[in-house]
Every structure is written in structure tokens, then in C-alpha cells.
Amino acid sequence: DPSGHQRPYRIFMNNTLKYKGYRFYQSSYDTDELGTVLSVNHDSLGTGVTYAGYFLMMVFIILSMFAPDSRFRKLLRDSRKPVLGAGLLLFLLLRGSAAEAREFPTPPDVTEAKAFGRMWVQGNEGRIKPVSTLSSEMSRKLFGKNKIGGMLPEQFWLSLMIEPQEWSKLKIIEIRDQEIARLFRISGGKGAYNDFFRQGEYLMSDLVQEALQKQPNQRNGFDKSVIKLDETLNIFYLGMNGQLLQIFPDATHPGAKWMIPGKAVIGNPVDSLIVADMFGNYLKAVGDRNFKEAGTLRQEISKFQKKLGGALIPSENKAKLEVFYNRALIFERLAIVYATIGLLFLIIQMISLFKPAGWHKRAGWIFAGLLGGAWIIHTVGLGLRWYLSGHAPMSNGYESMIFVAWGTLLAGFLMLWRSQLPLALTAVLAALSLLVAHLSWMSPEITPLVPVLKSVWLTIHVAVIMTSYSFLGLGALIGLITMILYVSKNRNNYQTIDGHIAHLTRINKIVLIAGIYLITIGCFLGAIWANQSWGRYWGWDPKETWCLITILVYSFVTHMHHIKDFNNDFAFNLGSLMAFGSVLMTYFGVNYFLGGMHSYAGGDMPTIPVMAYVGLIALVVLVYVAYFNELRFQRRGR
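Here is what the cut-offs are and how they apply
Residues numbered from 1 in each chain as written. Predicted model: local features only at pLDDT ≥ 70, side-chain atom pairs only at ≥ 80, totals over all residues. Heavy atoms only, no water. Buried < 20%, exposed > 50% of the residue type's maximum accessible area, 1.4 Å probe, protein only. Helix = DSSP H or I, 4+ residues; strand = E, 2+ residues; numbered from the N terminus. Salt bridge = Lys/Arg side-chain N within 4 Å of Asp/Glu carboxyl O. Patch = residues over 30% accessible without salt bridge, like charges linked within 9 Å, V, L, I, M, F, W, Y side chains within 5 Å. Areas by Shrake-Rupley, 256 points an atom, 1.4 Å probe, with all protein chains shown as cover. Lys, Arg positive; Asp, Glu negative; His and termini not counted. Charge placed at Lys NZ, Arg CZ, Asp CG, Glu CD. Contact = heavy atoms within 4.5 Å. Core = buried A, V, L, I, M, F, W, Y, C linked by side-chain atoms within 4.5 Å. Axes fitted to C-alpha atoms, helices over the stretch in contact; angles between N-to-C directions. Parallel < 35°, antiparallel > 145°, perpendicular 65-115°, else oblique. Left-handed = near helix turned anticlockwise from the far one by under 90°. Nonpolar A, V, L, I, M, F, W, Y, C, P; charged D, E, K, R; others polar. Expected span 1.5 Å × (residues − 1). Phe/Tyr/Trp six-rings, centres within 6.5 Å; stacked < 30°, edge-to-face > 60°. Lys NZ or Arg CZ within 6 Å of the ring centre and 35° of its normal. Disulfide = S-S within 2.5 Å.

Enquirer: How should helix 5 (residues 153-162) be read in this particular structure?
Expert: Residues three or four positions apart in an α-helix share a direction because the helix packs 3.6 residues into each turn. For helix 5, the tally of buried residues reaches nine of ten residues, placing the bulk of the element in the interior. Regarding helix 5, the residues found buried are Pro153, Glu154, Gln155, Phe156, Trp157, Leu158, Ser159, Leu160 and Met161.

So this is what it looks like as C-alpha cells:
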């Protein structure tokens, strides 16, 4: 330091060193990785002025929503007229599986498997969690689902370790790539672990090395399939041999990485014997269905964990709650609930368009009540995940999607006093969000926070941004509905349809104004967080840049009424629909394709499905037909 004394300071990325008014940030490493590059900040007065400016901007944005003569308040007054509503849903949710005809090994006793699931294990990311959680994660990685052969994940893992040779012969590993299937002579889309080995030699070795030597952007579909299959086979091998089961704390290094069964340890001979033999004896007892012996050995292992794990071991109640969370599949099941209710809700809305009846509105309130109950369960699920992880559930791609689904329903409820349609639409959007969250490239794993996310701003900034996405997504759906209404317009119904379009457009304007207010506030809150973590407010990171682009895009859409030839309902609704592409790019594009300092999404890089292109083409056709149908009515003077 300046006084000449040496101090053992260590500076980590996103962990600021403060000294005599100066703040030091690690911005990068030297190319030889022997040194570090620091950025230095000393601007207390400037920081205070900047924060004050941000605060005033946010206050006046909020006040503008309550000012009597503001555009927002005028739109609210104009939207008081009740609407019969309209809707159309091209949404199909089919989740089913054919009965599996293959023979599985006899599953272990379910009671003992559940008790095994409540034992503690350390994940590769360092978190201490129940075996139930790790077995569920392994099952999803291997099969893309929580059960195999009707077994609980804990039953499957126990059976895999007890009878590895039987499981190695079963054709249970999905092979999607036809070239891989041809090379290894696999038919029926399923392969066995043994299909990729011959006399102890791993037949995939050369293919994997060739694929890994390529840059990520140079890998074709075959390369990606090879890498994915190699990961699956490795997980199968590690699970089969118990090498994923880091179940024994290290007595010589408290707090260090836990040990797997069978590992030789130095120190207390009793401890060494427990680590080396006890879990193997436990598996034998479970396999022999000697449940008394198995229970005794399991309890001995638990005592060993408590003895050496110390404060690292969470409470028993936390273990029970996490096991319940794993079993409940809250968000997976809510996707089905939201989709079903949303579909029925929208069907009723569509019927009410052409044949309005009193029961339509009463049925709508029943559906609203059902959605309210589901939303409360959703809220409880988020709170439970928050408690289990120790941080707000907004730190990765999976968590942000389940939060978007929650915020989307909230936006629908806030608009319910104006119209039932937005709530029906948000139920569909929430279902889609939860479905995306449970795609194979999203990871639902509960993980510790990366350093930059260990901040109060995680809750504030991310919550505001995610809520803004919910409002902007609702605006896109309303825009889609109005396009469908334009297509359905004819000589007999055009007056009624125009009335619905006008009312929905006013609601859409309210929704988009709320959305752009929120995303703007969220962006400036992010600047404060960036200054706290990285020592600068703005760094042209891809996420920051695309957030700014989204704000500019929606600023244009919400001010289109000032531009000649754009001051009409069709242009506004089309703009609200097209503008959502910038939100998708800000979220998915940056997280999974562009990278940057904000890429905390987690999971594998997704491949854009063919149906996405089909949907885009269908959307273009819909807009084209809607435009020319509306143009036809304008030329005829209606």
C-alpha cells in the first residue's frame, strides 16, 4: 500500500477492493495469466449525482402513470368500456409416452429408496443437497424425464449401482442422430450403454475428439450430437460406478470436496473403513432386500456426515422440503394447468365474439378464480425454491423463465378489471414460458450464485426486467389476436370487429407503456449494479446493448401515433407483435448465442427447432392476409 506495508489483499472478479476512497476492480488477466488488470475508480461526488439523477428519473416515470392528463391515464379512461373479447389459440400440449415394453431390473424397495434420497450429497458445483435432487438431475440428463420404467429417480440410481451389468444391456439411451445410429448399427432410436464399447474400448473416442477440436461455431449437427451422447454415456458410467455420489465429508480437509465411496483415506482407520466399505455394504443389503441391515448402514453413514460435515449440513426440514419440491414438479404441472385453462378461456372468448351470452362472462370469472389458485401455488413454488437455494430464483435461464410465467399472470390479473381477454392470453403465455423452461437445453438445477449475482440488485433489477418482459409479451399476444380479428373481418361483422380491435388496441397501448417504463427503470437499476460490481455504468456488453435496442424499439412503437401513416390501430398492433423479437433476442439470443458478462443462463446451447421457422412463416402469412383484408375494407370505405 502507499505507506510501504505489504498486505495480503486478493481481488476477485466482481468482488471490489475498497481502500481510502478508491475502488479497485479486476477487469481482466494478462495474456500470460501471471498478472491481472485493474480498473480504478475514485468518484464519490459523481456517483452521488448520477444516482440522484437515476432516482429522479424513476420517480417521474412512476408519477407520469398517475398524472391526470398523461397519455397513460387517458388510455385507462378510454378503456373502461367492457369488451366481449376475442381470441384464438393455435397451441397444442401433448405430453405422453408410450408404455415401455422392455424389461427393467426389479426396482429397489420404494421406502428404502426414499430414505436414501434424504441423505446428503455434494454436487459438482459444491452445493450440499439431498440425494433425491442429484438423482433427479441425473435422470433428466440421461432420459429427459424424472422417471424411467416407473421408478423414482432414487430407485433408478440404486438399481443402477446394484445391477450395472443389467442396465448396461438395456436399450434406454435415446439416439436422435441417424448417422450415429447407422455407425453403431442401432435401430429403433434407442441404444444401450454396451453398444458403444467393444472389449473395453470406447468406440466414440475418435468422434468425440474430432468434435471437441472444432470451435463451437464450426460444429455441425453431427458434432453436437456426438458431444451430447458422450456426455450422456459419461453420466451413465459415473452414476453406475457411484462416482457422482460425493457422500463422505473429508475429515482431513473440512469444507473441501466430499469423497466418493470406496476411496482410500489417510487418518482415522475407522473413518477410512467407513468410506471404503460401508456404502458398498449398504448397496448389497438393499439388493438382498435386507432392509434392517440397510437401514442401520444408512444411519451410520448419516452419523458420519453429521460428525465431519459440521455446519455444512443443512437441517433435516430443509432436506424434506427439497425432496417434496423434487416430487411435486410444481412448475412442470403448472404448465399443463395454465395451458388447459388458457385454452378453454380463449375458446369461450372466441364464442362470445360471435354469439355473446351472459354465461360467457360468468364462466370467465370461474376460470379467473382457477388461475388465481394456480398462481398462488406458483408463488409458493418460487418461494420454496428461493428458500432452498438461498437466493432469489432469477439467476439462470430456467429460473428467469418460471419468474416470467409468474409475472405474466400478474400482468393479466392487473388488467382483469378492464377485460378478461388479457388474463386468458397471459395464461397461454405463462404455459409457453414454463414449457420453454422445461426444454432439454434448460437446466432446472439449483446452483450457487456466481459472484456477480451475490447482490441485493439480483432481486431488484432482474425482477423489474423480467416483469417488463411479461408486459411486452402480453402486448405481442394482443397484437396477434388483433391480426386474427383483421383476417376474420367481413361485410356482416366488420362493425363489431372494429369495436373489439379499437378496445384491444387501447389495452395494448396501456400494456406497452407499462412495459417500456419497467424495462427503462430496470436498465438504469442495472447500471447501478454494474457500477457496484464492475466499476462502470455501461460497457456495451451484448446484454446491455440489446436492452437499449429494445427500449428504442418500443419507444418507437409507443410513439407511432405521432407519425403520419402510422397513426392507426393496424400499424400499432403489428408494431407490438414485431417488436417482441427484440425481447427474444435480448433474452435468448444474448444468453445462448452471443455470450458476454451477462450470460448466466445455464443449460446447453439450444438448436433452433424447425417449428420455430414454420411458426415465423405462418405469422408472416397471417400479417399479409390481415393487411390486405383491412386494405380492402378501407378502399371500399366500409
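Enquirer: I keep staring at the pattern of salt bridges and nothing clicks. Help me out?
Expert: A side chain with one charge may pair with a side chain of the opposite charge, provided their charged atoms come close. Applying the stated criterion to the full structure yields 17 salt bridges. The closest approach of N and O atoms between glutamate 322 and arginine 127, which form a salt bridge, is 2.6 Å. Here the residue glutamate 322 occupies a position in helix 12 (residues 316-328), and arginine 127 occupies one in the loop between strand 4 (120-122) and strand 5 (128-130), the gap between them amounting to 195 residues. Of the residues examined, arginine 127 reaches a relative accessible area of 11% and is grouped as buried.

Enquirer: Any chance you could explain a nonpolar patch on the surface here in plain terms?
Expert: Residues Val487, Ile617, Val621, Tyr624, Val625, Tyr627 and Phe628 make up a contiguous nonpolar surface patch of roughly 650 Å² in combined accessible area. For the nonpolar patch, the element with the highest residue contribution is helix 21 (residues 610-635), accounting for six residues. Within the fold, tyrosine 627 resides in helix 21.

Enquirer: I would appreciate a short explanation of a positive patch on the surface in the present structure.
Expert: Taken together, the side chains of Lys114, Arg118, Lys147, Lys320 and Arg333 define a basic patch exposed on the protein surface. Position of lysine 320 among the secondary structure elements: in helix 12.

Enquirer: Would you mind going over the environment of arginine 327 with me for this structure?
Expert: By secondary structure assignment, the location of arginine 327 is in helix 12. Arginine 327 gets classed as partly exposed once you look at its relative accessible area, which sits at 26%. Measuring from C-alpha to C-alpha, the distance between arginine 327 and threonine 133 comes to 9.5 Å, with 194 residues separating the pair along the chain. If we ignore the near neighbours within four places in the chain, the residues touching arginine 327 are Lys114, Ser132, Leu152, Glu154 and Arg333.

Enquirer: Explanation requested: the nonpolar core in the structure shown.
Expert: Grouped burial of nonpolar side chains is what soluble globular proteins tend to show. Counting 96 residues, the largest nonpolar core has Phe331, Tyr338 and Met483 as the members making the most contacts within it. Element by element, the count of residues in this core is highest for helix 17 (residues 457-488), at 16 residues. When residues no more than four places from it in sequence are discounted, the contact partners of phenylalanine 331 are Tyr325, His378, Gly381, Leu382, Tyr398, Ile402, Leu434 and His438. Core analysis: the second largest hydrophobic core is formed by 53 residues, Phe143, Leu160, Leu170 and Leu283 among them.

Enquirer: Can you help me understand the packing of helix 18 (residues 494-534) against helix 19 (residues 542-558) in this one?
Expert: A pair of packed helices is captured by two measures, namely the crossing angle of their axes and the spacing between those axes. Where helix 18 meets helix 19, the axes come as close as 10 Å, and the angle between the chain directions of the two elements is 155 degrees. Put simply, helix 18 runs roughly antiparallel to helix 19. Handedness of the crossing formed by helix 18 with helix 19: left-handed. Two secondary-structure elements touch here, helix 18 through Leu512, Ile513, Ile516, Ile519, Thr520, Cys523 and Trp534 and helix 19 through Glu544, Cys547, Thr550, Ile551, Tyr554, Ser555, Val557 and Thr558. Of the residues in the contact of helix 18 with helix 19, the class split is ten nonpolar, four polar and one charged.

Enquirer: Which parts of the structure should I look at to understand helix 16 (residues 421-437)?
Expert: Taking 1.5 Å of rise per residue, the 17 residues of helix 16 would be expected to cover 24 Å, and the 24 Å separating its terminal C-alpha atoms lies within 8% of that figure. Buried residues dominate helix 16, accounting for 15 of its 17 residues.

Enquirer: Looking at this structure, I do not really get the packing of aromatic side chains. What am I missing?
Expert: Any pair of aromatic rings gets described here by the distance separating the centres and the angle formed by the planes. This model, assessed by the stated rule, comprises 26 aromatic pairs. Centre to centre, the rings of phenylalanine 248 and phenylalanine 304 are 5.6 Å apart; their planes meet at 80 degrees, and the pair counts as edge-to-face. Of this pair, phenylalanine 248 sits in the loop between helix 9 (221-240) and helix 10 (269-287) while phenylalanine 304 sits in helix 11 (residues 291-309), placing them 56 residues apart in sequence. A network of ring pairs unites the aromatic residues Tyr486, Phe570, Tyr624, Tyr627 and Phe628 as a single cluster. Geometry around tyrosine 387 places lysine 318 over its ring, the cationic atom sitting 5.3 Å from the centre. Above the plane of the ring of phenylalanine 572 lies lysine 509, whose end atom (NZ or CZ) is 5.6 Å from the centre.

Enquirer: What am I meant to see in the packing of helix 4 (residues 131-143) against helix 12 here?
Expert: With their axes 8 Å apart at the nearest point, helix 4 and helix 12 run at an angle of 25 degrees to one another. Here helix 12 runs roughly parallel to helix 4, going by the angle between their axes. Every residue of helix 12 that contacts helix 4 at Ser132, Thr133 and Ser136 is listed here: Glu322, Val323, Asn326 and Arg327. Partitioned by chemical class, the residues of the contact of helix 4 with helix 12 number one nonpolar, four polar and two charged.

Enquirer: Sorry, what's going on with the environment of leucine 76 here?
Expert: Note that leucine 76 resides in helix 2 (residues 71-78). When the C-alpha atoms of leucine 76 and lysine 509 are compared, they prove to be 9.5 Å apart, with 433 residues separating the residues in sequence. Excluding residues that lie within four positions of it along the chain, leucine 76 makes contacts with Trp417, Arg418 and Ile510.

Enquirer: Teacher, can you tell me more about the state of the cysteines here?
Expert: The tally for this structure, following the rule as stated, stands at zero disulfides. Cysteine cysteine 523 remains unbridged, with the sulfur of cysteine 547 as its closest cysteine sulfur at 3.9 Å. A relative accessible area of 13% places cysteine 523 in the buried class. For cysteine 547, a relative accessible area of 8% corresponds to the buried category.

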